[in-house]
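The chain contents come next:
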Amino acid sequence: MTIVDDSHGVFVKGLSLHHVPSEEHALNLLFEGETNRIIGSHILNKHSSRSHCIFTIHVESQSRTLSNAKYTVSKINLVDLAGSERLGKTGSEGQVLKEATYINKSLTFLEQAIIALADRRDHVPYRQSKLTHALKDSLGGNCNTVLVANVYGEAA
């Protein structure tokens, strides 16, 4: 996949956009996306997701009674990040090792973007990865962001 910057804006090539008439159709797309995620096993997790998942919802609303009412446009990103694992503990080899390396690298780039935003730096490195680029609006735009983290701590 590549990042494309054209007259329609910036987007990740290869992603799909669907206009849906109802909440049910949107949920069906969410479930379809979940079933298409890559799962790989290693010593620590037999059902480890090997890819990030971003489900973006664009909502447009307008008053039904006022003829001159403006549209209100909202964008909601639901993000499920693949887990970051210590490569030495997973015993991963081959393709799973390669995927884990890419996952850890993209999470590092996400961390760098968040640190740059927190430090109020002039430059925020959104273009370092597809993940940070796709989440640019949610990270540093005019938005409210909620983070829910599921963290598994080691017994040791």
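Let me begin by describing the structure that accompanies this report. The model shown is predicted, which means the values in this text are computed figures rather than measured ones. (Residues numbered from 1 in each chain as written. Predicted model: local features only at pLDDT ≥ 70, side-chain atom pairs only at ≥ 80, totals over all residues. Heavy atoms only, no water.)

Together, Ile54, Val79 and Leu81 line one region of the surface with nonpolar side chains, adding up to about 190 Å² of accessible area. Among the structural elements, Leu81 can be located in the loop between β6 (72-80) and α2 (87-90). Judged by relative accessible area, which is 32%, Leu81 ranks as partly exposed. (Patch = residues over 30% accessible without salt bridge, like charges linked within 9 Å, V, L, I, M, F, W, Y side chains within 5 Å. Areas by Shrake-Rupley, 256 points an atom, 1.4 Å probe, with all protein chains shown as cover. Salt bridge = Lys/Arg side-chain N within 4 Å of Asp/Glu carboxyl O. Helix = DSSP H or I, 4+ residues; strand = E, 2+ residues; numbered from the N terminus. Buried < 20%, exposed > 50% of the residue type's maximum accessible area, 1.4 Å probe, protein only.)

What follows deals with unusual backbone geometry. Despite not being glycine, Arg120 has its phi angle at roughly 55 degrees, a positive value. In this structure, Arg120 sits in the loop between α3 (94-118) and α4 (130-134). Take Arg120: its relative accessible area is 75%, and that puts it in the exposed class.

This part covers the environment of Lys75. With respect to the helices, strands and loops of the structure, Lys75 is situated in strand β6. The exposure class of Lys75 is partly exposed, given its relative accessible area of 40%. With 68 residues separating them in the primary sequence, Lys75 and Cys143 have C-alpha atoms 8.9 Å apart. Once residues within four sequence positions are removed from consideration, Lys75 is found in contact with Thr56, Ile57, His58 and Asp137. Polar contacts involving the side chain of Lys75 include one to the side chain of Asp137, which spans 3.0 Å. (Contact = heavy atoms within 4.5 Å. Polar contact = N/O pair within 3.5 Å; in protein donor to acceptor, adjacent residues only side chain to side chain.)

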